[in-house]
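Read off the chains here:
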Amino acid sequence: MLKEFREFAMKGNVVDLAVGVIIGAAFGAIVNSLVGDIIMPIIGAITGGLDFSNYFTPLSKAVTAGNLADAKKQGAVLAWGNFLTLTLNFLIIAFVLFIVIRLMNQLKRRDEAAPAAPPKPAPEVELLTEIRDLLKKA
């Protein structure tokens, strides 16, 4: 088993995996900050500070608390507000990424120059083309 792991590590798969995990973690932190610190405050200002993360439905009659943290201590609750908040965050991120990728694709298309006109054929080619056309008519 050690020999198989050594072969696996030597092929570079472990390094690729580690790099992917590190980049994924860094990207996740950036996205969380973007959503939590920039996008959601703007949306909160637009919606009047509406925050779904504290919404819940008690599953036990013993739960009488008004906020989610205290309600979880009292008994079973269905914390659907947090799920709704995370779903909205996902949709916002997906929409922002869609817009960014769309803009990048538009810029890429603009950068691509129209193909250059083909060079004028050599005189020999023009002569051969004329001969071919004359032979077709005959």
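Provided above is the structure to which this section pertains.
The structure displayed is predicted, hence computed values, not measured ones.

### Re the overall build of the protein chain
Summing up its helical and strand segments, the protein chain has five helices and two strands in all. Secondary structure of the protein chain in N-to-C order comes out as α-α-β-α-β-α-α. Against the 2.2 N^0.38 benchmark of 14 Å for 138 residues, the protein chain shows a C-alpha radius of gyration of 31 Å, more extended than a compact globule. Summarising its shape, the C-alpha atoms of the protein chain cover approximately 100 × 55 × 30 Å along the three principal directions. For the protein chain, long-range pairs separated by at least 24 residues make up 35% of all intrachain contacts whose partners lie at least 6 apart in sequence. Carbon and sulfur atoms make up 69% of the accessible area of the protein chain, which amounts to about 11,500 Å² in all. Side-chain charges in the protein chain split into 14 positive and 12 negative, and the spacing between the mean points of these groups amounts to 6 Å.

### Concerning the layout of surface pockets
Put simply, the largest pocket is a space of about 200 Å³. For the largest pocket, the full set of lining residues is M40, I43, G44, T47, G49, L50, D51, F52, T85, L88 and I92. Within the residue set of the lining of the largest pocket, elements represented by two or more residues are α2 (13–46) and α4 (80–111). Across the lining of the largest pocket, the residue classes tally to six nonpolar, four polar and one charged.

### Structural notes on the nonpolar core
Counting six residues, the largest nonpolar core consists of F56, V63, A65, L68, A71 and V77. Non-local contacts of V77, meaning those with residues more than four positions away in its chain, are made with F56, T57, P58, L59, V63, L68, A71 and K72.

### As for the packing of aromatic side chains
Per the stated rule, a full pass over the model turns up two aromatic pairs. Considering the side-chain rings of F52 and Y55, the 5.8 Å spacing of their centres and the 90° angle between planes classify their relative orientation as edge-to-face. Its relative accessible area of 32% is what places Y55 among the partly exposed residues. Plain terms: the ring middles of Y55 and W80 are 5.6 Å apart, the flat faces sit at 65° to each other, and that makes the pair edge-to-face. Remark: W80 occurs in helix α4 and Y55 occurs in the loop between α2 and β1 (57–58); sequence separation between them is 25 residues. An aromatic cluster is built from F52, Y55 and W80, whose rings are joined through pairwise contacts.

### Concerning a nonpolar patch on the surface
A cluster of nonpolar side chains, namely L50, Y55, L59, L78 and W80, defines an oily patch on the protein surface of about 480 Å² accessible area. Along the polypeptide, L50 turns up in the loop between α2 and β1. Overall, the relative accessible area of 42% leaves L50 in the partly exposed class.

Each value, and the rule that gives it
Residues numbered from 1 in each chain as written. Predicted model: local features only at pLDDT ≥ 70, side-chain atom pairs only at ≥ 80, totals over all residues. Heavy atoms only, no water. Helix = DSSP H or I, 4+ residues; strand = E, 2+ residues; numbered from the N terminus. Rg over C-alpha atoms; globule rule 2.2 N^0.38 Å. Contact = heavy atoms within 4.5 Å. Areas by Shrake-Rupley, 256 points an atom, 1.4 Å probe, with all protein chains shown as cover. Lys, Arg positive; Asp, Glu negative; His and termini not counted. Charge placed at Lys NZ, Arg CZ, Asp CG, Glu CD. 1 Å grid on protein atoms, 1.4 Å probe; cavity = no way out; pocket = protein on both sides within 12 Å on 5 of 7 lines; lining within 4 Å. Points joined across faces, edges and corners; volume = space filled by probe spheres on them. Nonpolar A, V, L, I, M, F, W, Y, C, P; charged D, E, K, R; others polar. Core = buried A, V, L, I, M, F, W, Y, C linked by side-chain atoms within 4.5 Å. Buried < 20%, exposed > 50% of the residue type's maximum accessible area, 1.4 Å probe, protein only. Phe/Tyr/Trp six-rings, centres within 6.5 Å; stacked < 30°, edge-to-face > 60°. Patch = residues over 30% accessible without salt bridge, like charges linked within 9 Å, V, L, I, M, F, W, Y side chains within 5 Å. Salt bridge = Lys/Arg side-chain N within 4 Å of Asp/Glu carboxyl O.

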